[in-house]
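Below are the chains, spelled out letter by letter.
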Amino acid sequence: MDIRKPPSTASIVTQADEKGKLHAPSAARNASAVCSAIKSIAPPAGDALEIASGTGQHIIAFAASMPNISWHPTEVCADRIASIHAYLDDTNQSNIAPPIMLNATAKGWSAAVSPKNLITLCNLLHLISEVEASTLISEAANTLTPNGKLFLYGPFKRNGKLISEGDASFDARIRASDPETGYKDDNWIKKITQENGLTQYQVIDMPENNLALMFKKNA
């Protein structure tokens, strides 16, 4: 499967510094709120997989906030893998594994990943198609241990509707770049997760009209 390139409107990421670090202002802004939401469902200890780790800013914050969890970052872009390595080089946190290359929209990847107690995904579902999102959720469900948690964060439609002018404008720009992408509906996400043996566990309203959708794998 070809890797879908996110549109230029998707996010603002600065050029790499001399160490190779990329910086996303949005990741810096929302890291604290996302950490708090994840901690509300995270196990006291275990293994966590971060899908689409991006620049690496989030997983540094997650690992510092939840030190008894072993974190496993993944990415599909070489420059972001390099950025994650650069962030890891500048931290003494021992609970983060080296990043691995992973296309989470490809079928079958769960067979090569050890079972995880927690899987997190931030700000990706609106940038991929429904088919790709369905595959990602299915493979994530296969990777979770019984009673494991899936955490999804980002912008979503609510009951089929975009809830602000800003959301409508952003969704339109994304779809103009690739008509197969765009905001996913929260009810559609609930349907796909249920089909894959996951039960909705918690929903949190997040800053900037985002949602944290959390699910538990049936035992």
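Procedures and definitions
Residues numbered from 1 in each chain as written. Predicted model: local features only at pLDDT ≥ 70, side-chain atom pairs only at ≥ 80, totals over all residues. Heavy atoms only, no water. Helix = DSSP H or I, 4+ residues; strand = E, 2+ residues; numbered from the N terminus. Contact = heavy atoms within 4.5 Å. Core = buried A, V, L, I, M, F, W, Y, C linked by side-chain atoms within 4.5 Å. Buried < 20%, exposed > 50% of the residue type's maximum accessible area, 1.4 Å probe, protein only. Expected span 1.5 Å × (residues − 1). Arc of directions from axis to C-beta. Salt bridge = Lys/Arg side-chain N within 4 Å of Asp/Glu carboxyl O.

**Quick look at the environment of alanine 31**
For alanine 31, the position within the fold is in helix α1 (residues 25-39). Spatially, the C-alpha atom of alanine 31 lies 9.0 Å from that of isoleucine 59, the residues being 28 residues apart in sequence. Among residues more than four places away in sequence, those in contact with alanine 31 are His58 and Ala61.

**Overview of the nonpolar core**
It is characteristic of soluble globular proteins that their nonpolar side chains tend to be buried jointly. In terms of nonpolar packing, the biggest core is built from 27 residues, with Ile51, Leu125, Leu150, Leu152 and Ile189 touching the most fellow members. Of all elements in the fold, only β1 (46-51), β4 (116-122), α4 (130-143), β5 (144-154), α6 (186-195) and β9 (211-217) reach the threshold of two or more residues within this core. Among the elements that line this core, the one with the most residues is α4, at five residues. The next biggest cluster of nonpolar side chains, apart from the first, holds 25 residues, and it includes Val34, Ile38, Ala63 and Met66.

**Here we look at helix α5 (residues 165-177)**
The terminal C-alpha atoms of α5 lie 19 Å apart, and with 13 residues this matches the ideal 18 Å at 1.5 Å per residue to within 8%. Asp167, Phe170, Asp171 and Ile174 are the residues of α5 that are buried. Down the axis of α5, the buried side of the element spans an arc of 100°, and every buried residue falls inside it. Residues of α5 that are exposed and angled more than 90 degrees away from the buried face: Glu165 and Ala176.

**Let's talk about the pattern of salt bridges**
A side chain of one charge can pair with a side chain of the opposite charge if their charged atoms are brought near each other. A complete count under the given rule lists six salt bridges for this structure. The residue arginine 29 makes a salt bridge to glutamate 208 at a minimum N-O spacing of 3.3 Å. Of this pair, arginine 29 sits in helix α1 while glutamate 208 sits in the loop between β8 (198-205) and β9, and the two are 179 residues apart along the sequence. A residue is classified by how much of its surface remains accessible, and arginine 29, at 52% relative accessible area, is exposed. The partner of lysine 191 in a salt bridge is glutamate 195, with the nearest N and O atoms 2.8 Å apart. A residue pair is termed a helical-turn pair when its members lie 3 or 4 positions apart in one helix, as lysine 191 and glutamate 195 do in helix α6 at four residues. With a relative accessible area of 52%, glutamate 195 lands in the exposed category. Several salt bridges share partner residues, and in doing so they unite Lys19, Lys21 and Asp90 into one network.

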